[in-house]
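Summary of the model geometry
Below, each chain spelled out in residue letters.
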Amino acid sequence: MNRLLVIIPAYNEASNIADVVLRVQKATDTLSNIRATVLVVNDGSTDNTSDCACTTGAVVLDLPYNLGIGGAVQCGFRYARDKKFDMAIQIDGDGQHDPSFIHKLISPLQEGTADMVIGSRFLNREGFQSTWLRRIGIRIFEWVNSAIIGQRITDNTSGFRAYNKQAIALLAEEYPSDYPEPEAVIVLGLRGFKICETPVVMRERQGGTSSIGSMSSVYYMAKVLLAIGVNVFKKQNQR
Amino acid sequence: MPELNTGVEIFRIQIIAVVGSLFIIGFIIELIRRKKLQERYALLWLVAGIVMIVLSIWRNGLDKLAHLLGVGYAPALLFLVALGFGLLMMIHFSVVISSLTERNKILAQEVALLKAELNKINDEFKKRSVN
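About the criteria used
- Residues numbered from 1 in each chain as written.
- Chains lettered and ligands numbered in written order.
- Predicted model: local features only at pLDDT ≥ 70, side-chain atom pairs only at ≥ 80, totals over all residues.
- Heavy atoms only, no water.
- Disulfide = S-S within 2.5 Å.
- Buried < 20%, exposed > 50% of the residue type's maximum accessible area, 1.4 Å probe, protein only.
- Phe/Tyr/Trp six-rings, centres within 6.5 Å; stacked < 30°, edge-to-face > 60°.
- Helix = DSSP H or I, 4+ residues; strand = E, 2+ residues; numbered from the N terminus.
- Lys NZ or Arg CZ within 6 Å of the ring centre and 35° of its normal.
- Domains from an automatic or database assignment.
- Buried area = accessible area lost by both parts, 1.4 Å probe.
- Salt bridge = Lys/Arg side-chain N within 4 Å of Asp/Glu carboxyl O.
- Polar contact = N/O pair within 3.5 Å; in protein donor to acceptor, adjacent residues only side chain to side chain.
- Nonpolar A, V, L, I, M, F, W, Y, C, P; charged D, E, K, R; others polar.
- Contact = heavy atoms within 4.5 Å.
- Expected span 1.5 Å × (residues − 1).
- Arc of directions from axis to C-beta.

Moving on: the state of the cysteines. Residue and element names in this part refer to chain A. Going through the model one piece at a time under the given rule, you end up with zero disulfides over all chains. No disulfide involves Cys54; its nearest neighbouring cysteine sulfur is the one of Cys52, lying 9.4 Å away. According to the relative accessible area criterion, Cys54 is partly exposed, its value standing at 45%. Free cysteine: Cys75, not disulfide-bonded; nearest cysteine sulfur from Cys54 at 14 Å.

Structure below.
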């Protein structure tokens with residue numbers, strides 16, 4: 001019996017969160033040989049996200065103030081590490097990600113063919129493909145990241161991903177803060193972790209607002225590319 | 001006349017620099033005394049103040065140093081040194097803020113984890129006392 005932790009970072013998602021948790025629970029109940037726990041990390045919401053999540057029976061972590069997506073997800077990794085979970089899945093609290101893909105994300109982990117699995121919306125090009133401006137940014141990450149780690153990753157910004165125990169242990173210690181997704185790929189990739197992608201279908205967000213506003217996309221690109229560059233020159237402990 | 005004039009100006013800037021530096025040193029020491037500033041963060045300020053005083057009073061040394069660095073107007077070197085210290089201070093603070101932010105994040109995460117653990121224990125305790 002493998003234990004799976006589903007980490008859902010949530011900031012002011014009171015309108016969706018219960019629905020998202022219930023859909024995740026429904027999807028994970030059908031998994032064979034897996035006991036799943038749903039964890040909502042309430043990132044200092046100002047609405048009643050925490051109460052809404054509690055009614056579903058999910059474990060809720062209440063951060064005392066807003067840390068941003070990176071700090072919230074890392075808190076989930078620390079929980080997974082401390083409670084000795086075998087696998088962790090990260091899924092957005094806004095309903096963009098379809099929990100019925102969870103079994104596809106974890107199967108490479110169970111087979112031992114990957115340490116991290118990213119749900120990519122670009123492999124089969126189905127569903128919501130993001131705005132054209134964002135697609136350009138995502139394409140830049142595809143070139144840069146693939147060149148650095150030598151593994152082709154098409155959807156570096158996807159927040160729908162699965163990790164095994166070794167990846168959890170590393171990310172509980174060091175997970176990027178501000179816009180963590182592309183950087184986390186580098187952190188794991190440079191240490192020789194095997195990363196693979198599986199096609200998923202994403203929807204447009206159902207509520208709430210993106211952590212990346214349209215005005216700050218240039219700042220976002222600059223910040224993340226700098227962080228990726230710094231990562232390349234950091235001392236890495238190969239696994 | 002112009003020579004006398006520049007002489008007076010330099011004298012004046014010396015006084016201003018000494019008084020300013022003394023004021024900053026006094027202010028920093030007062031802040032430490034009131035426990036509003038930790039010694040480790042005051043050190044750079046005090047060093048800056050002392051260097052400024054030494055350079056202000058010791059005119060000959062300032063002139064020599066200015067000549068060595070190719071600064072034509074010696075008192076301008078005072079501003080350069082002060083600016084350099086200001087820059088150093090800001091970098092120092094950026095480093096301090098970064099490390100505080102990181103520790104703050106870990107602390108918040110620990111609080112959330114402990115709170116969840118405490119809630120769980122409380123619930124179990126309640127259940128047991130009901131039975």
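Our focus in this paragraph is the packing of aromatic side chains. Using the criterion set out here, one finds seven aromatic pairs over all chains in the structure. Taken together, a centroid distance of 5.0 Å and an interplanar angle of 90° make the contact between A:Phe77 and A:Tyr163 edge-to-face. One end of the pair, A:Phe77, is in helix 3 (residues 69–82); the other, A:Tyr163, is in strand 6 (residues 161–164), and 86 residues separate them in sequence. Taking the relative accessible area as the measure of exposure, A:Phe77 reaches 0% and is therefore buried. Its relative accessible area of 0% is what places A:Tyr163 among the buried residues. Ring geometry for B:Phe23 and B:Phe27: centres 6.3 Å apart, planes at 0°, overall stacked. Here B:Phe23 pairs with B:Phe27, and both are found in helix 1 (residues 2–33), just four residues apart, close to one helical turn. Grouped by ring-pair contacts, the aromatic residues A:Phe141, A:Tyr179, A:Tyr219 and A:Tyr220 constitute a single cluster. Sitting over the ring of A:Phe85, A:Arg3 keeps its end group 4.2 Å from the ring centre.

Residue and element names in this part refer to chain B. Per the domain assignment, the segments making up chain B are domain 1 (1–36) and domain 2 (39–130). Here the C-alpha centroids of domain 1 and domain 2 sit 24 Å apart. Across the interface of domain 1 and domain 2, roughly 1200 Å² is buried in total on both sides, 82% from carbon and sulfur atoms. At the junction of domain 1 with domain 2, the criterion picks out zero salt bridges. Viewed at the interface, domain 2 and domain 1 are joined by zero residue pairs in polar contact (both at pLDDT 80 or more). A class-by-class count of the residues in the side of domain 1 that touches domain 2 yields nine nonpolar, two polar and no charged.

Residue and element names in this part refer to chain A. Counting through the fold element by element, His97 comes out in the loop between strand 4 (87–90) and helix 4 (102–111). A residue is classified by how much of its surface remains accessible, and His97, at 4% relative accessible area, is buried. A distance of 3.1 Å separates a polar atom in the side chain of His97 from the backbone nitrogen of Asp92. Each residue touching His97, except ones within four places of it in the same chain, is listed here: Arg23, Ile91, Asp92, Gly159, Phe160 and Met202.

Let's shift gears to helix 5 (residues 132–149) of chain A. Each turn of an α-helix holds 3.6 residues, which means side chains three or four residues apart point in the same direction. Residues and elements named next belong to chain A. Between its first and last C-alpha atoms helix 5 spans 25 Å; for 18 residues at 1.5 Å apiece the expected length is 26 Å, and the two agree. Restricting attention to buried positions, one finds in helix 5 the residues Gly137, Ile138, Phe141, Glu142, Asn145, Ser146 and Ile149. Axial view of helix 5: buried residues confined to an arc of 155°, hence all on one face. Among the exposed residues of helix 5, those oriented more than 90 degrees off its buried face are Trp132, Trp143 and Ala147. Where helix 5 is buried, its residues meet helix 7 (180–190), strand 7 (195–199) and helix 8 (217–233). Within two residues after helix 5, Gly150 carries a phi angle of roughly 70°, on the positive side.

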